[in-house]
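Close look at the chain arrangement
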Amino acid sequence: MEGVTFSIEKGKFVILTGPSGCGKTTLCRCLNGLIPNFYSGQLTGELEVDGVNVKGKATAELATHVGFVFQNPENQLFSLSVERDVGFGLENLGVPREQAIERVQWAMRATGVFELRDKAPHELSGGQQQRAAIAGILAMRPNILVLDEPTSFLDPKSAEEIVSVIAKLGHDLGLTIVLVEHRLDIVSRYADRVMVMDGGKIQLDGSPREVYNEQARLIGIGLPRVTMLAHLLRKEGFNLLNPVTVEEATSELRGLLNT
Amino acid sequence: MISIHNVSFNYPDGPQVLHGVNLEIKDGEFVAIMGENGAGKTTLVKMFNGLLKPTKGTVEIDGVKTKEKSVAQMSREVGLIFQNPDNQLFAETVAQELGFSLRNFGFTEDIIQQRVISYLHLLDLQQYAASSPFVLSGGERKRVALAAILVWDPKHVIMDEPTIGQDYLQKERLRNFITQLVSQGKAVVIVTHDVEFVAECKPRVVLLSHGTIIGDGPATRILTDSALVEEASLRMPQIATLINGLTSNGASREIIEIYAARDYFLKEIRAKAKLLERA
């Protein structure tokens, strides 16, 4: 990463995307203190997350500010039951038992895994596993959720389900969401803002409609196919905006077909 | 040719994962196996190089039953690239990773050098030749795993979720690359959830659900069949959903990618304009 500067307002849903190797995962690791506390390397500049200066803070302490969800839920789940897994982080933080039980129940309900609480993680589908992993993070009551490609191992139906759970958590609890994602077709409808990284720098930053332009395509991010279609039709001389969802594209094209 | 005849499988003391699967994949054919998480896709392709042997039924590669050969023997014929590259990578440098199997297969040092260099370039990894695979990004490690198998030129190539962590340009590169392998007469099989990638490649699609094949045919037909797509927990490609919502015209139903969609809309708009002119 080089000369990265940005700030994200509380409660916003932000997509972080960019070509493979652009620095997305590195940036995420800075947000929860894995860099510089766990990974070696040189970090210069200032990082403040949820009002806390990240440098020199223990990762465990940051965990109550920033929750981190990995790509593969299997890397995050290991207990004998969903309930134990969801409670693991709290146990480690030394939260009193009564309070921990309450928070675990709340987190399991918020992510829709309450009915699955007695199952072993390996008995769950991929989407259910990822929801359980999110519940475990949520139980620590962070204000910020950072998710590194949480849908990439999931079938399209489960992927949609996970993304809508994340968006709902953001909306209902006022959480700030930073979602690293290549599947822009699924996530764009929820995003307030898209940041595109390339070569360790933030190259584009704005609403999906603003960011999904010709330059984004050239950087090599996979725009929603309806947006790509609009680009193609614009080249043929038709005056289309940048639709981000199928619904937006439908109404724009209906207009074009009826004039 | 890969022939799967009446194959059933259960893991020891586990539930049955595959139920009487029949499937034939010809040389030079490109097949995408799709279906929900846990449908049995990975289990099925692990049969192709003998890593798993069927509980019932037979798997034959070019007429040879996998039950009669070792995984090492079968791997020379069928290259299987795992979903998670970290299950496959172990060498100190990317170049060593690529050279490892070639040394095992007894190629000469000259040929090893040549092949390693050419596959590093092919997968856009030349700048990482001396790096450890473990300092690379997820998407880059995935390409190293792919290169490490393709480098020995297996007769057939199986890739489990090759597009995970790959950006759009890398996917385009992968698509061209697959076309090249297919034109060399290899059977290429991918396991994938990436509906848009499949819509752009248009391979034959085999839909697996709960260990049974529920659909088999061209991508244009399978991915626009809303009942099948729903049953396998997939989604139609965005373009197919868009066109379905806009038209009741049966002829347009098999459009699943942007270039065909552009041509379709241009034709429609121009036809409308002509009608207006006449009126």
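Residues numbered from 1 in each chain as written. Chains lettered and ligands numbered in written order. Predicted model: local features only at pLDDT ≥ 70, side-chain atom pairs only at ≥ 80, totals over all residues.

**A look at the overall build of chain A**
Per the secondary structure count, chain A includes 12 helices and eight strands. Among the 259 residues that make up chain A, the fraction classed as buried is 49%. The contacts of chain A with a sequence gap of at least 6 include a subset with a gap of at least 24, amounting to 66%. (Helix = DSSP H or I, 4+ residues; strand = E, 2+ residues; numbered from the N terminus. Buried ≥ 20, exposed ≤ 12 C-beta atoms within 10 Å, placed from the backbone. Contact = placed C-beta atoms within 7 Å.)

**Details of the packing of helix H3 (residues 94-104) of chain B against helix H4 (residues 109-122) of chain B**
All names here are of chain B. The contact between H3 and H4 brings their axes to 9 Å, and the two run at 135°. Here H3 lies oblique to H4, going by the angle between them. Remark: the crossing between H3 and H4 carries right-handed chirality. On the side of H3, the interface is formed by Ala-95, Leu-98, Gly-99, Leu-102 and Arg-103, while H4 contributes Ile-112, Arg-115, Val-116, Tyr-119 and Leu-120. Grouping the constituent residues of the contact of H3 with H4 by class yields seven nonpolar, one polar and two charged. (Axes fitted to C-alpha atoms, helices over the stretch in contact; angles between N-to-C directions. Parallel < 35°, antiparallel > 145°, perpendicular 65-115°, else oblique. Left-handed = near helix turned anticlockwise from the far one by under 90°. Nonpolar A, V, L, I, M, F, W, Y, C, P; charged D, E, K, R; others polar.)

**Some details on the interface of chain A and chain B**
Between chain A and chain B, the residue contacts involve 34 residues of the former and 35 residues of the latter. Secondary-structure elements contributing two or more residues to the side of chain A that touches chain B are helix H6 (126-138), helix H7 (156-173), helix H11 (225-235) and helix H12 (246-257) of chain A. Sort the elements by how many residues they give to the side of chain A that touches chain B and H12(A) lands first, with seven residues. Class assignment for the residues of the side of chain A that touches chain B results in 15 nonpolar, 12 polar and seven charged.

**Digging into the sheet that holds strand S8 (residues 201-206) of chain A**
Residues and elements named next belong to chain A. In space, the six strands of this open sheet follow the order S4-S5-S6-S1-S7-S8, with mixed pairing throughout. Strands at the two margins of the open sheet, each flanked by one partner only, are strand S4 (66-69) and S8. Taking the axes of each pair of neighbouring strands and ignoring which way they run, one obtains an average angle of 20° across the sheet. With four bridges connecting them, strand S1 (residues 13-17) and strand S6 (residues 176-180) associate as parallel partners. Its bridge partner lying in S6, Leu-16 is registered against Val-180. Each of S4 and strand S5 (144-148) touches H6; the most contacted strand, S4, lies at about 165° to it. (Pairing = 2+ DSSP bridges.)

**What about the environment of Asn49(B)?**
Residue and element names in this part refer to chain B. Mapped onto the elements of the fold, Asn-49 is located in the loop between helix H1 (41-46) and strand S4 (56-61). Judged by C-beta crowding, with 24 C-beta atoms within 10 Å, Asn-49 ranks as buried. When the C-alpha atoms of Asn-49 and Ile-111 are compared, they prove to be 25 Å apart, with 62 residues separating the residues in sequence. Here Asn-49 is in contact with Val-71, Met-74, Ser-75, Val-78 and Leu-80, once residues within four sequence places are set aside.

**So, the domain arrangement of chain A**
Residue and element names in this part refer to chain A. Examined at the domain level, chain A breaks down into domain 1 (13-210) and domain 2 (224-259). The centre of domain 1, based on its C-alpha atoms, is set 33 Å off from the matching centre of domain 2. Between domain 1 and domain 2, the residue contacts involve six residues of the former and five residues of the latter. The set of elements that each furnish at least two residues to the side of domain 1 that touches domain 2 consists of helix H8 (184-187) and helix H9 (208-211). Among the residues making up the side of domain 1 that touches domain 2, the classes are represented as two nonpolar, one polar and three charged. (Domains from an automatic or database assignment.)

**As for the pairing of S1(A)**
Regular strands place their side chains on alternate faces of the sheet. Summarising burial for S1(A): five of the five residues are buried, a large majority. Burial along S1(A) is two-sided: the residues Phe13(A), Ile15(A) and Thr17(A) and Val14(A) and Leu16(A) are all buried.

**Concerning unusual backbone geometry**
With an omega of 10°, the peptide bond running from Ile35(A) to Pro36(A) counts as cis. Among the structural elements, Pro36(A) can be located in helix H2 (residues 34-37). A positive phi angle, close to 60°, is found at Asp124(B), a residue other than glycine. Take Asp124(B): it is sitting in the loop between H4 and helix H5 (138-150). In the Ramachandran plot, His210(B) falls in the positive-phi region, its phi being about 45° despite a non-glycine side chain.

**Brief notes about the nonpolar core**
In this structure, Leu179(A), Ala147(B), Val198(B), Leu223(B) and Ile239(B) are the most contacted members of the largest nonpolar core, which totals 154 residues. Top element by residues in this core is H5(B). It accounts for seven residues. With residues near it in sequence (within four places) discarded, Val198(B) still touches Ala32(B), Met34(B), Thr192(B), Pro203(B), Val205(B), Ala219(B) and Leu223(B). (Core = buried A, V, L, I, M, F, W, Y, C linked by C-beta atoms within 7 Å.)

**Quick look at the sheet that holds strand S8 (residues 188-191) of chain B**
Residue and element names in this part refer to chain B. With mixed pairing, the six strands of this open sheet are ordered in space as S6-S7-S8-S3-S9-S10. What marks the edges here is a single partner per strand, and that holds for strand S6 (78-81) and strand S10 (212-218). Between one strand and the next, the sheet's axes are offset by a mean angle of 15°, whatever the strand orientation. Packed onto the sheet, H5 meets S6 and strand S7 (156-160) and runs at close to 170° relative to S6. Together, strand S3 (30-34), S7 and S8 form the strand contacts of helix H6 (residues 168-183), whose direction differs from that of S8 by roughly 145°.

**Observations regarding the domain arrangement of chain B**
All names here are of chain B. For chain B, the assigned domains read domain 1 (2-236) and domain 2 (237-279). Computed from C-alpha atoms alone, the centre-to-centre distance between domain 1 and domain 2 is 35 Å. The interface of domain 1 with domain 2 comprises 10 residues on the first partner and eight residues on the second. Within the residue set of the side of domain 1 that touches domain 2, elements represented by two or more residues are helix H7 (195-201) and helix H8 (219-222). Ranked by residues supplied to the side of domain 1 that touches domain 2, first place goes to H7 with four residues.

**As for the packing of H11(A) against helix H10 (residues 238-246) of chain B**
The geometry of H11(A) relative to H10(B) is characterised by a closest axis approach of 8 Å and an angle of 70° between their N-to-C directions. Compared by their axis directions, H11(A) and H10(B) come out roughly perpendicular. Each of Arg225(A), Val226(A) and Leu229(A) in H11(A) lies in contact with H10(B), whose residues at this interface are Gln238(B), Ile239(B) and Leu242(B). Of the residues belonging to the contact of H11(A) with H10(B), the class tally is four nonpolar, one polar and one charged.

**Considerations on H6(A)**
Three or four residues apart is the spacing at which side chains of an α-helix point the same way, because the helix has 3.6 residues per turn. Here H6(A) contains 13 residues, and its C-alpha end-to-end distance of 18 Å stays within 8% of the 18 Å for a straight helix at 1.5 Å per residue. For H6(A), the tally of buried residues reaches 13 of 13 residues, placing the bulk of the element in the interior. (Expected span 1.5 Å × (residues − 1).)

**Some remarks on H11(A)**
Among all positions of H11(A), only Arg225(A), Val226(A), Thr227(A), Met228(A), Leu229(A), Ala230(A) and Leu233(A) are buried. Summarising the contacts, the buried residues of H11(A) are in contact with H8 and H12 of chain A together with H7, H10 and helix H11 (258-278) of chain B. Among the residues trailing H11(A), Gly237(A) stands out with phi positive, at a value near 95°.

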